[in-house]
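Overview (structure and organization)
Listed here are the chains, written in short residue letters.
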Amino acid sequence: MKTTLPAHFYGDPDAWARERKEVFGRAWLFIGHEAEAAAPGDWIAGDVAGYRLLAVRGRDGVLRAFHNVCRHRAGPLVSGTRGHCDGELVCGYHGWRYALDGRLRAATGFGTAEGFDPRDFGLFALRLEIWRGLVFVVLDPEAAPLAEFVAPLERLLTARGLDISPPLLRRTHDLACDWKVYAENYLEGYHIDAVHPLLAEELGPRADYRISIDGDLVVQQAVGVNDGPQAGVWGWLWPNLGINVYRDSAMIERITPTGPGRVRLDYLFLGDNGPEALTEILAASDRLTAEDAAICEAVQANLSAGQYDRGVLSGQHERAVGWFQDRIAALHPTP
């Protein structure tokens with residue numbers, strides 16, 4: 001019998017601090033599609049587990065990544081998820097100006113200071129790599145190349161002849177639950193009959209629902225009935241990225257922890273036929289997200305209530321949840 005993680009791991013500030021450093025501080029993190037920053041001066045940005053990330057297209061056409069923090073007094077360089085700057089990044093606090101390659105161009109109005117050398121105050125750079133148009137950054141300079149991380153997903157897409165379509169639109173949803181609660185919900189289909197009745201009708205018998213684990217990738221596959229829009233393949237890359245391939249489109253789902261007991265879902269919808277072609281999939285997405293949000297927030301409330309400590313996992317349906325929880329447990333002291 002395999003038991004679950006202790007309830008106090010979900011929403012505990014100490015657990016959150018360890019996971020922020022040891023999980024998100026070491027993993028490749030998705031921030032957007034390169035087409036969202038196509039021209040020099042275009043940028044995309046995101047806040048993942050408190051790490052404020054920025055990628056900007058340089059004058060030379062190269063996309064570079066930095067922390068979205070000025071070297072003066074930690075002001076923001078950009079606000080929002082995407083935009084354009086005219087040839088330089090300008091701090092929104094005191095106006096320090098940076099070239100698109102991260103060099104400090106002007107410490108605006110700073111004056112003279114003994115020992116101050118602008119060459120020592122460029123932006124904090126990050127490693128950036130692109131896979132099939134998707135932009136990833138990593139804080140850990142010793143992390144393995146992105147290609148190794150996504151290799152199982154690359155094999156899956158290649159075998160099925162699937163491509164990553166251009167980006168169409170973004171959506172976000174804020175949930176009152178720990179990021180692990182939502183990730184575990186994503187990693188099993190055991191709850192579908194009870195929580196997603198319409199999806200259950202589309203997918204057919206649970207015998208047609210399969211889960212496999214390959215390296216850092218969990219793959220969930222379902223055979224749909226009546227060619228429903230949700231039938232397809234769901235790939236989940238450690239630690240927080242879902243790549244959902246549907247009948248007519250695809251969606252990148254980033255599970256973005258915003259603090260202990262809080263999570264934001266960042267959706268990037270992809271397709272070749274324009275946003276108007278997403279009407280059906282957006283309606284289904286809104287319905288599924290609302291259903292998942294309701295159950296995940298209820299679970300979080302019960303985890304925080306103090307009565308429940310540990311449960312038990314199904315070897316038939318929750319193998320990927322156990323895989324995920326084993327990785328999380330390895331980060332924390334044994335009680």
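What you see is a predicted model, and the numbers here were worked out from it, not measured in a lab. (Residues numbered from 1 in each chain as written. Predicted model: local features only at pLDDT ≥ 70, side-chain atom pairs only at ≥ 80, totals over all residues. Heavy atoms only, no water.)

Let us look at the packing of aromatic side chains. Under the criterion given, the structure shown has 12 aromatic pairs. Each ring, one from Phe-24 and one from Trp-179, has its centre 4.9 Å from the other, and the planes form 70°; the classification is edge-to-face. Here Phe-24, found in helix α1 (residues 13–24), pairs with Trp-179, found in helix α3 (residues 179–186); they are 155 residues apart in sequence, far enough to count as distant. Between Trp-236 and Phe-324, the aromatic rings sit 5.9 Å apart at their centres with planes inclined by 75°, giving edge-to-face as the arrangement. Of this pair, Trp-236 sits in strand β15 (residues 232–237) while Phe-324 is found in helix α7 (residues 319–329), placing the two residues 88 residues apart along the sequence. (Phe/Tyr/Trp six-rings, centres within 6.5 Å; stacked < 30°, edge-to-face > 60°. Helix = DSSP H or I, 4+ residues; strand = E, 2+ residues; numbered from the N terminus.)

Let's shift gears to helix α6 (residues 279–305). The terminal C-alpha atoms of α6 lie 39 Å apart, and with 27 residues this matches the ideal 39 Å at 1.5 Å per residue to within 8%. Contact partners of the buried residues in α6: β12 (167–175), α3, α4 (192–195), α5 (197–203), β17 (250–259) and β18 (262–270). Positive backbone phi, approximately 105°, marks Gly-306, located one or two places after α6. (Expected span 1.5 Å × (residues − 1). Contact = heavy atoms within 4.5 Å.)

Bringing the sheet that holds strand β6 (residues 82–84) into the picture now. Strand order in this open sheet of 7 strands is β2-β11-β10-β5-β4-β3-β6, and the pairing throughout is antiparallel. Edge positions in the open sheet fall to β2 (29–33) and β6, since each of these has one partner strand only. Geometrically, the sheet is characterised by an average inter-axis angle of 30° between neighbouring strands, direction not taken into account. Along the sheet face, helix α2 (residues 146–160) touches β10 (125–131) and β11 (134–138) and points at about 20° away from the line of β10. (Pairing = 2+ DSSP bridges. Axes fitted to C-alpha atoms, helices over the stretch in contact; angles between N-to-C directions.)

We now examine the environment of His-84. Examined against the element boundaries, His-84 turns out to sit in strand β6. Taking the relative accessible area as the measure of exposure, His-84 reaches 46% and is therefore partly exposed. The contacts of His-84, once residues within four sequence positions are left out, are Pro-40, Gly-41, Asp-42 and Trp-43. Separated by 3.3 Å, the side chains of His-84 and Asp-86 make a polar contact. (Buried < 20%, exposed > 50% of the residue type's maximum accessible area, 1.4 Å probe, protein only. Polar contact = N/O pair within 3.5 Å; in protein donor to acceptor, adjacent residues only side chain to side chain.)

In short, shape yes, function no, at least from these values alone.
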